[in-house]
Amino acid sequence: MISSISPALRASSTTPLILIDGSSYLFRAFHALPPLTTSRGEPTGAIFGVVNMLRKLLTEYRPTQVAVVFDAPGPTFRDDLYPAYKANRPALLAEDLIAQIKPLHNLVRAMGLPLIMMKGVEADDVIATLATRAAEQGLATLIVTGDKDFAQLVNEHVTLLDTMKNATLDRAGVIAKFGVPPEQIVDYLALMGDAVDNIPGVPGAGPKTAAKWLMKYGSLDALVARAAEVSGRIGENLRAALPQLPLARQLVTVRRDLALPIDLTDLHVQPPDDAKLKELFFHLEFHSWLNELLKSDSFSLPNHSPRLPRNYQTIWTLAVLDAWIERLKAAALFAFDTETTDLDYLRAQIVGVSFAVEPGEAAYIPLAHVDFNSPPQLDRDQVLARLGPVLENPRYSKVGHNLKYDLNVLANHGIQLAGIRHDSMLESYVLDSAATRHDLDSLALKFLGERTIHYAEVAGKGVKQISFDQVPVESAAEYAAEDADITLRLHRHFWPRLEARQRERDLYATLEIPLIPVLARMERHGVLIDSSALRAQSRELAGRLLELEQNCHRLAGGVFNLASPNQIQEILFNRMGLPVLEHTKGKKPSTAEAVLEQLAMDHELPRLLLAHRGLAKLRSTYTERLPEQINPITGRVHTNFHQAVAATGRLSSSDPNLQNIPIRASEGRRIRAAFIAPSGYRLVAADYSQIELRIMAHLSRDPGLVAAFIQGRDIHRTTAAEVFSVPLAQVTDEQRRAAKAINFGLLYGMSAFGLARQLSIDRSTAQRYVDLYFSRYSQVRSFMDDIRAIGRKQGFVETLLGRRLYLPEINSGNRQRREYAERAAINAPMQGTAADIIKRAMIQMDHWLETTKIRARLILQVHDELIFEVAEDAVETVSGQVRTIMENAAQLAVPLEVDVGVGCNWDEAH
């Protein structure tokens, strides 16, 4: 029967011999699992899948004897028997699969598992021979495979295990699954043939027919002898196939008599080679597994310096504190970090502070731990009063990791941090924005080869997590001092690399570092929200959602859950018979937004489902949630701006995310209308007009595009006139809409298929639009071709200010991943340059506001827009200054234009 534990294994008093079909699992993992790559673009998804399976297998069974068997390269005896064997398979394996074979073999060996490859035969034959020898000795054997051919080996000693389906197969299970016992499997397979391996069988003879024949006649030989008795078309097929059935049986029969160079006694599991595993996990960027190995030792990874000795000190007295303060003053640069009660920068109170002046040397000052077993801690106010002059003095240079948070926390205690010279998070981000996560733990592991103490190890996790002031000082001190130490060491790793790349160094020094205090001020000031307006809109949305839900039920012919993909699948594809456009990873029809958008072109129900999803998201994310996020002390909403998230250099925000409020829909505009100015103030919104298209004109130097912007023409109307060959004055609104979709779509690498979907036109018409566009703006096409070629050659593209976006998959053998990288190569210079330009404008405007002390604040940045809160008597001055600064933030071949609006709320000002 099919069960979790087979009778053979239950009967065995020892752990079974486990024989693993490595080739089968490599192929299955490659095709079934999501593609993973390292930051260098090396594929690792199949390796991860197979190794994950091996690890689970070893944990569950704890075997003493194992063999992982792979197919050896080159032909086998089956190719000699039948030259067309496996001819249906690709002549060459995918490059991404080939690249994973050797690293996987190395990992298997490093895990201490015997690995076998034998030329001239297949892995199946090696496994069959080993299983047969084990059975002869009465040993229980577990064959780990997904290949049905192995069912012929099942007996009282041999069981199959398919880990992907989490099921074992014994003799009863073989009969239940195939309809024949193991001893008839060879005949069963021969009758069916195998299209994948190109093994000839009886045309039209599927599993049921093959099982029925064998049940009736007993064997293939008996069936052949009585083939004349089989009637109908299938009988004719059988008789026509008789000459090839002996060959088919020979091809599907696994060999059990190989002269192997090893014996069962050679299959003992060896202790893993931890040093090799660490090296491989590090190279393949399997960080969670690497963490496990590094957790309890001081091993240093290859190409990294040996782990430094640590001299960490806990400061209990003012005398020691004063001595450290003198060291900080004398240091050319020191690392600084705060430990706090909360991740929310407005609520956070300092629990302790740490410093590092040299790698391996750091100190922690506990200030507010609830720890009755520690010596008396120094008074927090007294300590901060002593540290304040150093922290606030710009002469003393500091480095931190995400210093914006520490800057805000110190402000809670009346200290204005100055002298921010470096931030190791931003150094990592500027060097390679997309290569890794930029948190301290990940960077320490990747670049220093050290596993840091994780927060959960000192404070717990989930519902049992305690705040840092509850952490005993002894544990807290090592954790906090290590943070400062690692920050300093990461800076010393990153800074020489930045110094060697002048454009990135300048971008880091003139944009990213100066932006830290700008963003901190924006966060602390927050934005004013009209909560009553949002709650009223939320009630209206609830009514509209109910109406949409009822209409969906009417169209579906019954009540269903609009949030259930399974129920939507049943209604759209089974009940209504709509075409299945895509499948999920679980092979079910997809109901993703992109699918519903295509179906919505011709069907009302998908259109209503999309509308319901959109309104439900607006309600849950904004109209319901924003009022709950108003700070009770300030009466404002305070977002978090992130510099090191978006790969292109754009800022993002969270808690709440204010970057994604839709502006085209009336509901989104009403949400923006709830962002209001306080009494006596107005909101001023300054928005770059079509900045990415202007950057495209600058980069491509296309004469038509450049001329349109210089002459101040409506670029979408101009494009429509060019594409549709009509006078400018005769361009229709529909033609302008199509031209706008083309203009912006091509910036993001949109295909004719995507354009067709967006404009609700057929694909051939969309392709004609694209071709016409490129015939009129030929240098735009040349730029796109050139930038793709540059990306393929050097592995990255750059913004005008030198920000790099690395494209590790642009030469991938996987077409989808390669094309995605090519689209990114086209878009990144535009979007990244726009991000760099607006950051420069933010810094300059903030400096002007701080210098003039005018009654105005920069409160939000959303994509290409800056929003200010301005006193009524300063609106004209600020509006003029922001336009001047933004329009002169970069010198392009075409002018930058800024639309400035004023209103009592964001929607009025936009």
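No experiment lies behind these values; they were computed from the predicted model shown. (Residues numbered from 1 in each chain as written. Predicted model: local features only at pLDDT ≥ 70, side-chain atom pairs only at ≥ 80, totals over all residues. Heavy atoms only, no water.)

This paragraph deals with the overall build of the protein. Scanning the protein from N- to C-terminus turns up 38 helices and 24 strands. Based on the C-alpha atoms only, the size of the protein along its principal axes is roughly 105 × 80 × 55 Å. Residues counted as buried form 52% of the 910 residues belonging to the protein. Within the protein, contacts between residues separated by at least 24 positions form 68% of all contacts whose residues are at least 6 apart in sequence. Surface summary for the protein: the accessible area is close to 40300 Å², and the carbon and sulfur share equals 51%. For the protein, the distance from the average site of its 100 positive side-chain charges to the average site of its 107 negative ones is 3 Å. (Helix = DSSP H or I, 4+ residues; strand = E, 2+ residues; numbered from the N terminus. Buried < 20%, exposed > 50% of the residue type's maximum accessible area, 1.4 Å probe, protein only. Contact = heavy atoms within 4.5 Å. Areas by Shrake-Rupley, 256 points an atom, 1.4 Å probe, with all protein chains shown as cover. Lys, Arg positive; Asp, Glu negative; His and termini not counted. Charge placed at Lys NZ, Arg CZ, Asp CG, Glu CD.)

Listed as buried for helix α9 (residues 207-217) are Ala210, Ala211, Trp213, Leu214 and Tyr217. The buried residues of α9 all sit within an arc of 160° when viewed along its axis, so they share a single face. Away from its buried face by more than 90 degrees, α9 exposes Lys208, Lys212, Met215 and Lys216. Positive phi shows up at Gly218, right after α9, with a value of about 95°. (Arc of directions from axis to C-beta.)

Summed over the entire model, instances satisfying the criterion amount to 54 salt bridges. For Arg544, the salt bridge is made with Glu667, and the minimal N-O distance between the two is 2.5 Å. With a gap of 123 residues between them, Arg544 in helix α23 (residues 531-556) and Glu667 in helix α28 (residues 666-673) connect regions that are remote in the sequence. Classification of Glu667 as buried rests on a relative accessible area of 11%. Three or more residues joined by partner-sharing salt bridges are found here, namely Arg501, Arg503, Glu504, Glu798 and Arg804. (Salt bridge = Lys/Arg side-chain N within 4 Å of Asp/Glu carboxyl O.)

Strands sit in the order β22-β23-β19-β24 across an open sheet of four strands; the sheet is antiparallel. Each edge of the open sheet carries a strand with a single partner, namely β22 (856-862) and β24 (898-903). Strand after strand, the sheet turns through a mean of 20° between neighbouring axes, direction not considered. Inspection of the sheet shows strand β19 (residues 681-688) paired to β24 by six bridges, in the antiparallel sense. Bridge pairing in β24 places Leu683 opposite Gly903. Its contacts with the sheet put helix α37 (residues 875-887) on β19, β22, β23 (865-871) and β24, and the angle it makes with β24 is roughly 160°. (Pairing = 2+ DSSP bridges. Axes fitted to C-alpha atoms, helices over the stretch in contact; angles between N-to-C directions.)

This next bit is on the packing of aromatic side chains. One pass over the structure, following the stated rule, counts 18 aromatic pairs. Aromatic side chains Phe336 and Phe355 sit 5.7 Å apart centroid to centroid with 40° between the ring planes, which places their arrangement in the tilted category. Here Phe355 lies in strand β10 (residues 350-358) and Phe336 lies in strand β9 (residues 334-340), a separation of 19 residues in the sequence. Considered together, Phe336 and Phe355 belong to a single accessibility category, that of buried residues. Lying over the aromatic face of Trp324, Arg327 brings its terminal NZ or CZ to 4.7 Å of the ring centre. A cation sits over an aromatic face here: Lys446 above Phe447, 5.6 Å from the ring centre. (Phe/Tyr/Trp six-rings, centres within 6.5 Å; stacked < 30°, edge-to-face > 60°. Lys NZ or Arg CZ within 6 Å of the ring centre and 35° of its normal.)

Once that is clear, we can look at the nonpolar core. Ranked by internal contacts, the top residues of the largest apolar core, which has 176 residues, are Ile365, Phe675 and Tyr688. It is helix α36 (residues 815-852) that provides the largest number of residues to this core, a total of 14 residues. Setting aside residues up to four positions removed in sequence, Phe675 forms contacts with Val527, Leu528, Ile529, Leu626, Leu658, Ile661, Leu683, Leu860, Cys904, Asn905 and Trp906. With 58 residues, the next largest nonpolar core counts Ala67, Tyr82, Tyr85 and Val180 among its residues. (Core = buried A, V, L, I, M, F, W, Y, C linked by side-chain atoms within 4.5 Å.)

So, on to the environment of Lys839. Of note, Lys839 is situated in helix α36. The class for Lys839 is buried, based on a relative accessible area of 1%. Lys839 has contacts with Leu511, Glu512, Leu515, Gly649, Leu651 and Arg803, leaving out every residue within four places of it along the chain. Polar side-chain contacts of Lys839 include one of 2.8 Å to the side chain of Glu512. (Polar contact = N/O pair within 3.5 Å; in protein donor to acceptor, adjacent residues only side chain to side chain.)

With 38 residues, α36 ought to run about 56 Å at 1.5 Å a step, and its terminal C-alpha atoms sit 55 Å apart, in line with that. Maximal helix bending in α36 amounts to about 40°, located at Asn827; proline Pro829 follows within four positions. Looking one or two residues past α36, Lys853 carries a phi angle of roughly 60°, positive in sign. (Expected span 1.5 Å × (residues − 1). Bend = angle between axes of the 7 residues up to and from the residue.)

To continue, consider the pairing of strand β6 (residues 158-162). Among the five residues of β6, five are classified as buried, and the element is accordingly described as predominantly covered. Residue alternation in β6 divides its side chains into two sets, Val158, Leu160 and Asp162 and Thr159 and Leu161, and both sets are buried. As paired elements, β6 and strand β7 (residues 167-169) share three bridges and run antiparallel to each other. Of the residues in β7, the one forming a bridge with Asp162 is Ala167. Linkage of β6 to β7, two consecutive antiparallel strands, is achieved through a turn of four residues, within which Asn166 is found at a positive phi near 55°.

Attention shifts here to the confidence of the model for the protein. Residues at a pLDDT of 70 or more form 96% of the protein, whose mean pLDDT is 90. Taken as a whole, residues 1-13 scores under 50 in pLDDT and shows 29 contacts with residues more than four places along the chain or in a different chain. (pLDDT = per-residue confidence, 0-100.)

For the rest of this paragraph, the subject is the sheet that holds strand β15 (residues 636-637). Across the sheet, three strands lie side by side as β15-β14-β18; this open sheet has antiparallel pairing. The open sheet has two free edges, formed respectively by β15 and β18 (675-676), since each of these has just one partner strand. With two bridges connecting them, strand β14 (residues 527-529) and β18 associate as antiparallel partners. Directly across from Leu528, in β18, lies its bridge partner Ile676.

Most peptide bonds adopt trans geometry, and most residues besides glycine take a negative phi value. Omega for the peptide link from Asp655 to Pro656 comes to 0°, which places this bond in the cis form. Take Pro656: it is sitting in the loop between β17 (652-654) and α28. A positive phi angle, close to 50°, is found at Gln690, a residue other than glycine. Along the polypeptide, Gln690 turns up in the loop between β19 and α29 (691-700). The phi torsion at Arg701 lies on the positive side, around 55°, for a residue other than glycine. Structurally, Arg701 is set in the loop between α29 and α30 (703-710). On the accessibility criterion, Arg701 (44% relative accessible area) is partly exposed.

Let us look at the pairing of β9. With seven of seven residues buried, β9 lies mostly within the body of the structure. Residues Phe334, Phe336, Thr338 and Thr340 point to one face of β9 and Ala335, Asp337 and Glu339 to the other, with burial holding for every one of them. Here two bridges tie β9 to strand β12 (residues 398-400), and the two strands are oriented parallel to one another. From the neighbouring strand, Phe334 faces β12, where its bridge partner is Lys398. As paired elements, β9 and β10 share six bridges and run antiparallel to each other. Bridge pairing links Ala335 to Ala356 in β10.

It is worth spelling out the packing of helix α21 (residues 473-499) against helix α22 (residues 502-525) at this point. Across the interface, α21 lies against α22 with an axial gap of 7 Å and an inter-helix angle of 120°. Judged on the interaxial angle alone, α22 and α21 are oblique. Here Trp495, Leu498 and Glu499 of α21 come into contact with α22, specifically with Gln502, Glu504, Arg505 and Tyr508. Among the residues forming the contact of α21 with α22, the class breakdown is three nonpolar, one polar and three charged. (Parallel < 35°, antiparallel > 145°, perpendicular 65-115°, else oblique. Nonpolar A, V, L, I, M, F, W, Y, C, P; charged D, E, K, R; others polar.)

Running from amino to carboxyl end, helix α31 (residues 715-724) crosses helix α34 (residues 763-776) at an angle of 105°, the nearest separation of the two axes being 8 Å. With respect to α34, the axis of α31 lies roughly perpendicular. Seen from α31, the contacting residues are Thr719, Glu722, Val723 and Phe724; seen from α34, they are Tyr769, Leu772, Tyr773 and Arg776. Partitioning the contact of α31 with α34 into residue classes produces five nonpolar, one polar and two charged.

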